[in-house]
Amino acid sequence: MEPFSVLSYPMPPDYGEGQRQQSQLADRVLSWRTDPDNSRVGCYLHGEVGHVYTLGVHGKISNLLVTKQALEHDGISLVRTDRGGDITYHGPGQLLGYPILDLHRLGLGVKGYIEALESAVMLTLSAYAIATIRLADAPGVWLEPKGARPLRKICAVGVHVNQGITTHGFALNVHTDLGYFTRINPCGFTSRGVTSMAQELGNAPPFAEVDGLLSQRLAQVLNIKIRSFSAGSHPTV
């Protein structure tokens, strides 16, 4: 059987616009389910966004360590979302990936899907000799403690699933300014750190290279074909 196809689009730099597009694409992906001859099973938004802090559906505002006024002064938004997880940061140098997929047609449950996202990221990082682990108590991709450096997260994973359609996804720190994470308890943790590819390697590989490799690994683990579309183009039902 030929793999299902997924349409790939650049993530809008404005986070709010990305949320709007994500919602529209989720509706389209659900509509494709009624056409048995439609080989498209989803869309994939990916790229960088401007500075923003996001709270998951059960996120605690107490994990924001600065005032909302301080964020406003710096021109940074705080957005409540419907994904899982607590608070995190998105911004330049971070690869934000939102696969919007029909899990029913892919034959995946939520747990298996999250593990697939983690696997795609872990395979990508292994190509740069970055050894990573999973944790049973926290989704995402982590690095084991090393010397004085604590257990630390390099990629956050948080999703929402409605009628079998996924939204949100993962955030991989490529050459992210990690200083922005000092304003929060990342994902609600106070004793675990955050890292990036640049932090671990001393010099981050090109962002576009990481983005392309991760797309390949995502296609591999989900057994899909990812087809690229240019900015401004829209999928047709």
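Residues numbered from 1 in each chain as written. Predicted model: local features only at pLDDT ≥ 70, side-chain atom pairs only at ≥ 80, totals over all residues. Heavy atoms only, no water.

Enquirer: Before we move on, could you go through the overall build of the protein and cite the residues and values that matter?
Expert: A tally of helices and strands in the protein yields six helices and 12 strands. Compactness check: the protein gives a C-alpha radius of gyration of 17 Å against a globular reference of 18 Å for 237 residues, within 12% of the reference. C-alpha atoms of the protein, sized along the principal axes, occupy 55 × 40 × 30 Å. Burial analysis of the protein (237 residues in total) assigns 50% to the buried set. (Helix = DSSP H or I, 4+ residues; strand = E, 2+ residues; numbered from the N terminus. Rg over C-alpha atoms; globule rule 2.2 N^0.38 Å. Buried < 20%, exposed > 50% of the residue type's maximum accessible area, 1.4 Å probe, protein only.)

Enquirer: Outline the sheet that holds strand E4 (residues 77–80), supporting the account with residue identities and numerical values.
Expert: The sheet built from three strands is open, its strands ordered E4-E3-E5 with mixed pairing. The sheet terminates laterally at E4 and strand E5 (87–90), the two strands that pair on one side only. Ignoring which end each strand starts from, the neighbouring axes of this sheet average 25 degrees apart. In terms of strand pairing, strand E3 (residues 52–55) meets E5 through four bridges, oriented antiparallel. (Pairing = 2+ DSSP bridges. Axes fitted to C-alpha atoms, helices over the stretch in contact; angles between N-to-C directions.)

Enquirer: Before we move on, could you go through the packing of aromatic side chains and cite the residues and values that matter?
Expert: Enumeration over the complete set of coordinates arrives at three aromatic pairs. A centroid spacing of 4.8 Å and a plane angle of 0 degrees characterise the contact between tyrosine 89 and tyrosine 180, whose relative ring orientation is stacked. Taken as a pair, tyrosine 89 in strand E5 and tyrosine 180 in the loop between strand E10 (165–173) and strand E11 (193–194) lie far apart in primary sequence, 91 residues in all. Classification of tyrosine 89 as buried rests on a relative accessible area of 0%. Among the aromatic side chains, those forming a connected cluster through ring pairs are Tyr53, Tyr89, Tyr180 and Phe181. Above the plane of the ring of tryptophan 32 lies arginine 40, whose end atom (NZ or CZ) is 4.5 Å from the centre. In this structure, arginine 192 is placed above the aromatic ring of tryptophan 142, and the distance from its NZ or CZ to the ring centre is 5.4 Å. (Phe/Tyr/Trp six-rings, centres within 6.5 Å; stacked < 30°, edge-to-face > 60°. Lys NZ or Arg CZ within 6 Å of the ring centre and 35° of its normal.)

Enquirer: Please set out unusual backbone geometry residue by residue, giving values where relevant.
Expert: Notably, glutamine 163 is not glycine yet its phi reads approximately 55 degrees, a positive angle. Assignment of secondary structure puts glutamine 163 in the loop between strand E9 (152–162) and E10. For asparagine 223, which is not glycine, the phi torsion reads 55 degrees and is therefore positive.

Enquirer: Describe the nonpolar core, and please don't skip the residues or the numbers.
Expert: In terms of nonpolar packing, the biggest core is built from 36 residues, with Phe170, Leu172 and Met197 touching the most fellow members. With eight residues, the single largest contributor to this core is helix H4 (residues 110–126). One finds Met11, Tyr15, Leu45 and Ile100 within the second-largest nonpolar core, a separate group that totals 17 residues. (Core = buried A, V, L, I, M, F, W, Y, C linked by side-chain atoms within 4.5 Å.)

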